[in-house]
Structure formats: structure tokens, C-alpha cells
Amino acid sequence: MPEVEKQVKLDERFNAVSLEENSSQPGAPFAPGKWPTPELSLTPTNRYAICTSRTYTSETIQSALDSLGPSSILYLPASTVWSITSPIALRDHQELATWGYPTDESHMARLEAGKECYPHIINARAITGAAVRNVVVDGGQQKYGYEPKCGVMLQSVATLATLFIFVIDRCIIRHPRHWSCIQAFEGSQNVRITNNRIGPAGIGANRESGKWADGISYACSNGLVAGNEIIDATDGAIVIFGAPGTLVISNTIISHNRLTLGAINMVDWAPHDGNYTQTRVINNTIKTIGPSGYFKTGIGQGPSVWWTSPSPGKINSGAIVMNNLIDSQAINDEHGAFGYGFAVASDVRDWICVGNVSKTHVRYEGDISKSLPNPNVAPGPFVHNISQNKLILSDSLASPSNGQSATQDRRVILQSHFAHGRGRISSLISISPGLPKVLSYQAGQYSLEKGQHTCLDGIAMSHDQNNMICIREHREPQQFGIVLWENGLADNHQALGQLPQKLVFSNGGKLCVVSTDVSPPRILFDFMPYMPFDGKSDKGPSLILSNANPYLTVMTPESSLIFASSYIFSWNAGFRLGNVVARTCFHDGSQKTLLYTLSPYCQFVILRSKVGGAFLPSLPLVWPDPTHEAHWEWEIIWATPNPRTDRRDDPVMYFQGDGNLASFSSLISFSSKKKLIVKQGYIFRWQGPMGFCHA
């Protein structure tokens, strides 16, 4: 396709969302079950019958359907209960429904799967125009438990695109024994899933791993998923497998008593090779009800939201996510929570996510310690890791608010709420409910007002009214114990007075207390004078809060430690060439910076800046040639007494489990018994009072 034509088509797609849609209220515009379906009364049929047999079995239903043939309706009497022992197969333009189309469950015909009913309860295989309406379908999980043979309950399967228009409307579908309630296969066209009550489905991951289930698994093209209420699905409530051209609108997704991995998932690359062109997820409501409700993700966008790392070439592209609402409803004043709301990963492009809302009372929390040693972004409503050259922050599709631009076929338009939600995204579903053991924030993302707390499992960091920043024990809500660390600002209470202030982790990676009554803010207390206040980078430092000492650290992506509440290293801690530990010090009447680092000459050294007020060098640290070392802006003030070796590019240092500090270099690999064994050349071993053993 010529480049000009390609750009025109892209602009047409971005402008296809009308201004009226963009300005509409967020959330589902229709109550569950109220999505208009006037087209259903226009379905042409040649004949219909009411199944009056007193033998309420799947064999009776199948025999009646076979007798009627294509273009027919089989009605089941109201309030009847049918035992389904084998899948019911529909034919072209055939409908199965309860007589009178009741919406009250007590009046609907109920299909109950038997213990040996698998792999499906109803299937529409290689047909067109079929419908299932106003029936209850129960998979039997509560009676018979989990069964991998059972597959999905209702399935549409197309062969050579033969399936066109399959309708599931105003049904109640619950308790699948395997992975999903409804599946619409790729190759299908215009599968319409409307006004159903779906769930519960599966067992929550907090109770038993691997036995979760989807509500709707949807790969069909040019379809409609609308007006459904999905309660307590435990894998994805609505999982979109590309589904190009499909509209997902006005659905209400609820977590009440079971943990849900994802409300709406747009994470799968297969089977459409990442093609989400004109897949529109618009005006849906996602909410918890009561204290037991928990969503790990609200709307996950991009494969690495779900999996551990992006796969080269596997990019999802072309979707619109707009005007969706995240909410929380209390029971007895107790709310559930979310891990993440709208999460957009780096493996999307040509993507729009704007106009979405998270209500202010919604709680975002969870333990991300499973993502260590590189923690994921802290829980929050709007998170992303889109690179700057792709990202456009804008609340209007017509004109980006910050003057940014990006290549047309790679751009990602995100609403401005994402500005402070950047961080690592790698399998966000590894988060667990409850207070976190660790939290991670990128530069510009964290602040703490006076009187506020950031609570973890066992500790809380507070900004007290006396200006002190401290970390305390924390066991119960709003109950705090002994102080574990403090910054000493209480001594400056009179000097700082009652100035409006907050603790910030600035865009430049500086942790400091600033005044909030002037612009730009004035620094009142600086934890890291060697870091700039302003800055902008895809790969800046991260602030990490942990319930284990050290409780507060600031780390670079290269694993240099540039601030810590305490400089404590556990056994087996490693240190590589280029890594530093940074601290501030006073020398000769000025504030200078200390760097603890490993030299390329296999010595552990302490460097001090020669000039006061110097910022950190670019990291990882680059050591000058010996001839230029005297003119370097850093001076060596201490070094381990082992002899200086020839310059090497591979030294490492470890605090060994036996309590010794040892440095190694010159990796040697050889094979023994078909295993690769690695040995390291020995440089020095620090034996405490006994001094050093040299290589």
C-alpha cells in the first residue's frame, strides 16, 4: 500500500470515533439486559414447535430440532428443567428458546449439564443464522466439579467463514466445568452476544490455581457483545482475541465473591496475529461489590500485561478503548479493590485509550513482590510503559495536549491520566490481593502530602504534621507502631513552619520535600542533592518501598543504588562493574557526593566528587583511561588493598554466604557430564580482621 494511502486510512480510522461518542458519559448506557435488539423479531422462519414431550432430555431436544430442520424455532415450555447428557447441535437459521421469551429466571427453561456431558452443551458448528434465547444453561460445576473434557458450554465454530449471525440473547449461563461459558471462534462473522447474565465461572486464583474460567471468549470478526452482566468470572470476564471490527459496549462486569484476573482482556496476539482493527471497547462498566471483590486488571491492553515479556514481532494494533468506567460498590461500608485499572503495555501500536474514568473512591492495591527483582509499576488506575517516541498524551483525538507527534502507524494515544502512571509492565496478573510487600514508582509518579500514608504489609511511610518523613510499623488500618526510620525533619519544624509542602519523587529522580505554594516548587529538604529536579526519560530511576530493610531505596535501571533509608546488603548480594552506591557528604565546607563502586582494576573503591554540588555521572559509570584519571571529576579516597590488576571488563563482587567479601573475574567455562560449569578467577577475598587473600 502506498505510504500516502496508508496514512489516509489511518487518519480515517482515528477520526471514525465521532465527537458525540467522545463526549458521552462513561460507563454502560443501558442497564444489564436492556440493550435494544429489534432485529430479533425479524428473523425469518418456516416453522416452529413447542416441545411438549414429558421426557426432558437432550435427546428429546435434538430429535425435535432435527425434525423441524433449518429455518425453524423450537420452544421449550416455561419453567421446565432439562437434563443434557450430550451436546445439542443447531442447524442453519434454527433457534432454541423458552416459550414466551421470559426474562424471569423462574419462568425460563433450564438446561442442566449431566456429569458426562462434554465437550459442549450447545454448539453451532459450520452453520449460519442460529440463535439461543431466554434459556438458563448450567454447566454443573457446583455439582460435579472441574473437568477438562468439558471445554466451553456454548460454542460457535466456523468453517470457511460459513457462520454468519449467531445470536445468544437474554440467557443465564453459569458454572462451566472448564475454561469458558461462551466461545466465538475466529472465522465467525457477526456473532451477537447480548443481554445475558453470565457467571459465576471458575474458581478464583486466590483459592485454587488453574481452575479459573472466562465469561465470554471472543475471536469473531465484526460482531457485537452488548448489554451483558458478567458476575464472578475468574479468568477474563470478556476476553477479546483480536476480533477485528467487533463492538463491545454497555456490558456490566462485576467481581463480588471471586477474584477475577481481568475484566476485559485485549492481551492475546493469536489467532488474528494481533489484528484489533476497529475493535471498539466503549462504554462498559467494571465494578466490585462488597469487600471480597477483586480485579487484578480492569482493561488489559497488550500481550505483556498478561505474559512476562514482549515477544518480538507480536504486537496488538488498531483498537479503540473509550468511555469505560471503573467503580466500586460497598456492602456495610466495605469495598473491594483493583490491582490495575486501564493498563497499556509497550506491545501495542495504532491504539487509542481515552475518555475512561476511575471513580475517586476506588481502591488500587496488591502485592507485586512476585515481580521482583524488577518490580512492576505500583497499582493504580492508569498505567503504561509506552516509549516516548510512540506516545501521544491527549484527551482529544483531534489535537494532542502536549504538542507530541508520533509515526502514524505506531502512535498510541492515551488520555492525560496516564502521564504519571509509567512503569514496568510484565505479567501484571502476578499481583496478589491485599497490602503489598513492595511498591515501585518511576520518576514523577510518587508524592506524599502532609498527613498522608503509603501502607505496605507491616510498615507505612508517613508525612507527619510536624514535617517529618518516617517509616513505622503498621499492622491495622490507621494504627501505627514504632518508628523504623525517619529523616530528622522534626528538628527543622520551626524553620519550615506550617508551609504547605509534600514529599515528591521528581521527574529528574530526586527525592525531596517541596513547598506547594509557589511555582516552580521550592525545595525545602533534599534527600538527593546529586540528582536534578527536572528530567524526562523512558528509563529513569525507580523509587522502591519495601516491608524489609532497607525500606526505602532509589534504584537505576542498571541496578545502581542512588539512595537508601539504610545501606544494608544481605548475603549473596552482587555488585558489577559500572554499578554504584551513591551518598551525599560534606567535605571542605561544601556538599559533595560519594560513590561506592567496583573499578575495572578489580578494586572496590570510594570516589568523591571534586566539585561541590555535582550531579551523578551517567550510569552505568564509565571509568576513564589511566592517562585521563587525574583529570576526572572524581577522586579515589579509599580502595581495597589488593593489588591493582590489568584493566578488565568483567569483574564482579559478592558478599558471600560465609560472610566474606570476594571479587572475581575471568570466567572460565567447560563441559563436564553434559553440564556447563562456570568457574571464576579469584581476585581477592576479604576476611575481616584477617585482611585480604590475594589471587
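Computed from a predicted structure; not experimentally measured.

Engineer: Tell me about the overall build of the chain, residues and numbers included.
Structural biologist: Counting secondary structure elements, the chain contains 5 helices and 56 strands. The 695 residues of the chain split such that 54% are buried. Of the roughly 29,800 Å² that the chain leaves accessible, carbon and sulfur atoms contribute 52%.

Engineer: Go over the packing of aromatic side chains, please, and point to the residues and values.
Structural biologist: In the structure shown here, the tally under the stated rule is 17 aromatic pairs. Plain terms: the ring middles of Tyr75 and Tyr101 are 5.7 Å apart, the flat faces sit at 80° to each other, and that makes the pair edge-to-face. One end of the pair, Tyr75, is in strand 2 (residues 72-76); the other, Tyr101, is in the loop between strand 5 (94-98) and strand 6 (109-113), with 26 residues separating them in the sequence. On the basis of relative accessibility, which here comes to 9%, the residue Tyr75 falls in the buried class. Overall, the relative accessible area of 26% leaves Tyr101 in the partly exposed class. With 5.0 Å between their ring centres and 75° between their planes, Phe525 and Phe527 make a pair best called edge-to-face. Judged by relative accessible area, Phe527 falls into the buried class, the value being 8%. An aromatic cluster is present here, built from Tyr48, Tyr75, Trp99 and Tyr101 joined pairwise through their rings.

Engineer: Any chance you could break down empty space enclosed by the protein for me, citing the residues and the numbers?
Structural biologist: The tally for this structure, following the rule as stated, stands at 2 cavities of 30 Å³ or more. There is about 60 Å³ of room inside the largest cavity. Of the residues belonging to the lining of the largest cavity, the class tally is 8 nonpolar, 3 polar and 1 charged. Estimates place the volume of the second largest cavity at around 30 Å³. Lining the second largest cavity, in full, are Gln141, Tyr146, Pro176, Arg177, His178, Gly202, Ile203 and Lys211. In terms of residue class, the lining of the second largest cavity is made up of 3 nonpolar, 3 polar and 2 charged.

Engineer: Please set out helix 3 (residues 58-68) residue by residue, giving values where relevant.
Structural biologist: When we look at burial in helix 3, the residues that qualify are Ser58, Thr60, Ile61, Gln62, Ala64, Leu65 and Leu68. Packed against the buried residues of helix 3 are strand 1 (47-50), strand 2, strand 3 (81-84), strand 4 (88-89), strand 5 and strand 6.

Engineer: Describe the sheet that holds strand 43 (residues 511-515), naming the residues involved and giving the relevant values.
Structural biologist: Spatially, 4 strands are ordered 37-42-43-44 in an open sheet, and the strand pairing comes out antiparallel. Each edge of the open sheet is held by one strand with a lone partner, namely strand 37 (446-449) and strand 44 (523-526). Averaged over all neighbouring strand pairs, the angle between strand axes comes to 25°, with direction disregarded. Strand direction decides the pairing type here: strand 37 and strand 42 (residues 501-505), joined by 4 bridges, are antiparallel. The partner of Glu449 across the bridge, within strand 42, is Lys502.

Engineer: Can you lay out the confidence of the model for the chain for me, pointing to particular residues and giving the numbers?
Structural biologist: For any part of a model where pLDDT is low, the fine detail of the predicted coordinates should not be relied upon. Model confidence for the chain is summarised by a mean pLDDT of 86, while 87% of its residues fall at 70 or above. Below a pLDDT of 50 lies the segment residues 399-403, which in the model reaches 7 contacts outside its immediate sequence neighbourhood of four places, other chains included. In the predicted structure, residues 667-679 sits below a pLDDT of 50 and forms 16 contacts with residues beyond four places in sequence or in another chain.

Engineer: So what about the nonpolar core? Which residues, and what values?
Structural biologist: Formed by 76 residues in total, the largest nonpolar core has its most connected members in Ile61, Leu111, Ile173 and Met266. Take this core: its biggest share by element is 4 residues, from helix 3. Discounting residues that sit within four places of it in the chain, Ile61 has contacts with Leu74, Leu76, Trp82, Ile84, Ile88, Leu96 and Leu111. Within the second largest apolar cluster, 39 residues are counted, among which are Ala378, Phe505, Leu524 and Met528.

Engineer: Before we move on, can you summarise the sheet that holds strand 4 with the specific residues and values?
Structural biologist: Across the sheet, which stays open at both edges, the 10 strands sit in the order 4-7-10-13-16-19-22-25-29-33 with parallel pairing between neighbours. Looking along the sheet, the strands with just one partner apiece sit at the ends: strand 4 and strand 33 (380-384).

Engineer: Explain unusual backbone geometry to me, using residue names and the numbers behind them.
Structural biologist: Of the consecutive residues Ala270 and Pro271, the connecting peptide bond is found in the cis state with omega at 5°. By the secondary structure assignment, Pro271 is in the loop between strand 22 (259-266) and strand 23 (280-282). The backbone phi angle of His175 is positive, close to 60°, even though this residue is not glycine. Structurally, His175 can be placed in the loop between strand 12 (172-174) and strand 13 (180-184). A relative accessible area of 7% places His175 in the buried class. Even without glycine at this site, Gln278 takes up a positive phi of about 60°.

Engineer: Quick one: what's the story with a nonpolar patch on the surface, residue by residue and with numbers?
Structural biologist: Side chains of Tyr48, Ile50 and Trp99 sit close together on the surface and give an oily, nonpolar patch of about 330 Å² of accessible area. Turning to its location among the elements, Tyr48 is positioned in strand 1. Take Tyr48: its relative accessible area is 53%, and that puts it in the exposed class.

Engineer: Which residues make up the pattern of salt bridges, and what values do they have?
Structural biologist: Using the criterion set out here, one finds 15 salt bridges in the structure. Here Glu112 ties to Lys143 by a salt bridge, and the two come within 3.6 Å at their closest N and O atoms. Separated by 31 residues along the polypeptide, Glu112 in strand 6 and Lys143 in helix 4 (residues 141-144) bring together distant segments of the chain. Judged by its relative accessible area of 59%, Lys143 falls in the exposed class. A salt bridge links Arg608 to Glu635, with the nearest nitrogen and oxygen atoms 3.3 Å apart. Here Arg608 is found in strand 51 (residues 604-609), whereas its partner Glu635 is found in strand 52 (residues 634-639), with 27 residues between them in sequence. For Arg608, a relative accessible area of 14% puts it in the buried group. One network of salt bridges, in which partners are shared, links Glu105, Asp138 and Arg174.

Engineer: Mind laying out the side chain of Ser180, listing which residues take part and the relevant values?
Structural biologist: Relative to the assigned elements, Ser180 resides in strand 13. A polar atom in the side chain of Ser180 sits 2.8 Å from the side chain of Ser217. In this structure, Ser180 is in contact with Gly151, Val152, Met153, Ala213, Asp214, Gly215, Ile216 and Ser217, ignoring residues within four places of it in sequence.

Engineer: Can you explain the pairing of strand 9 (residues 135-138)? Please cite residues and give values.
Structural biologist: Residues Val135 and Val137 of strand 9 are buried on one face, and the alternating residues Val136 and Asp138, pointing to the opposite face, are buried as well. Judged from the 4 bridges that link them, strand 6 and strand 9 form a sheet pairing that is parallel. Each bridged residue has a counterpart across the sheet, and for Ala109 the counterpart in strand 9 is Val135.

Engineer: Could you give an account of the environment of Gly242, naming the residues involved and the relevant values?
Structural biologist: Mapped onto the secondary structure, Gly242 falls in the loop between strand 19 (236-240) and strand 20 (247-249). In sequence terms Gly242 and Ala219 are 23 residues apart; their C-alpha atoms lie 6.0 Å from each other. The residues contacting Gly242, other than those within four sequence positions of it, are Asp268, His272, Asn275, Tyr276 and Thr279.

Engineer: Can you explain the environment of Phe418? Please cite residues and give values.
Structural biologist: For Phe418, the position within the fold is in the loop between strand 35 (412-414) and strand 36 (438-442). For Phe418, a relative accessible area of 0% corresponds to the buried category. When the C-alpha positions of Phe418 and Asn385 are compared, they lie 9.7 Å apart, and in sequence the two are 33 residues distant. In contact with Phe418, other than residues within four places in its own chain, are Phe342, Val344, Cys353, Phe382, Val383, His384 and Leu393.

What counts as what
Within each chain, residues carry numbers counting from 1 in the order of the written sequence. Reporting of local features is limited, given that this is a predicted model, to residues whose pLDDT is at least 70; pairs of side-chain atoms are given and counted only at 80 or more, and all residues count toward the totals for whole chains, interfaces and linings. By convention in this description, side-chain values take in all heavy atoms of the structure and omit both hydrogens and water. Each helix is a run of H or I in the DSSP string that is no shorter than four residues. Each strand is a run of E no shorter than two, and both are numbered from the N terminus. To sort residues, take the accessible area from a 1.4 Å probe on protein chains only and compare it with the maximum for the residue type: under 20% means buried, over 50% means exposed, and anything in between is partly exposed. Every accessible area reported is derived by Shrake-Rupley at a probe size of 1.4 Å, with residue values counting cover from the shown protein chains alone. Two rings from Phe, Tyr or Trp (for Trp, the six-membered ring) form a pair when their centres are within 6.5 Å of each other. A pair whose planes differ by under 30 degrees is stacked, one over 60 is edge-to-face, and the rest are tilted. Cavities and pockets are found on a 1 Å grid laid over the protein atoms alone: a cavity is a set of points where a 1.4 Å probe fits but cannot escape, a pocket is an open set with protein on both sides within 12 Å along at least five of seven lines, and a lining residue has an atom within 4 Å of such a point. Grid points are joined across faces, edges and corners, and a volume is the space filled by probe spheres set on the points. Under the grouping applied here, Gly and all other residues not named as nonpolar or charged are polar, the nonpolar ones being Ala, Val, Leu, Ile, Met, Phe, Trp, Tyr, Cys and Pro and the charged ones Asp, Glu, Lys and Arg. Should any heavy atoms of two residues lie within 4.5 Å, those residues are considered in contact. For two strands to be treated as a pair, DSSP must find at least two bridges joining them. Every axis corresponds to a line fitted to the C-alpha atoms, with the helix fit spanning only the stretch in contact, and the corresponding angles, defined between N-to-C directions, vary from 0 to 180 degrees. The predictor rates its confidence in each residue with pLDDT, a number between 0 and 100. What is meant by a nonpolar core is a set of buried Ala, Val, Leu, Ile, Met, Phe, Trp, Tyr and Cys residues, joined one to another through side-chain atoms within 4.5 Å. Only residues whose relative accessible area exceeds 30% and that form no salt bridge are eligible for patches; like-charged ones are grouped when within 9 Å, while nonpolar side chains (Val, Leu, Ile, Met, Phe, Trp, Tyr) are grouped when within 5 Å. Whenever a carboxyl oxygen of Asp or Glu lies within 4 Å of a side-chain nitrogen of Lys or Arg, that contact is scored as a salt bridge. Under the rule applied, a polar contact is a pair of N or O atoms within 3.5 Å (in protein, one hydrogen donor and one hydrogen acceptor; residues adjacent in sequence only if both atoms are side-chain atoms).

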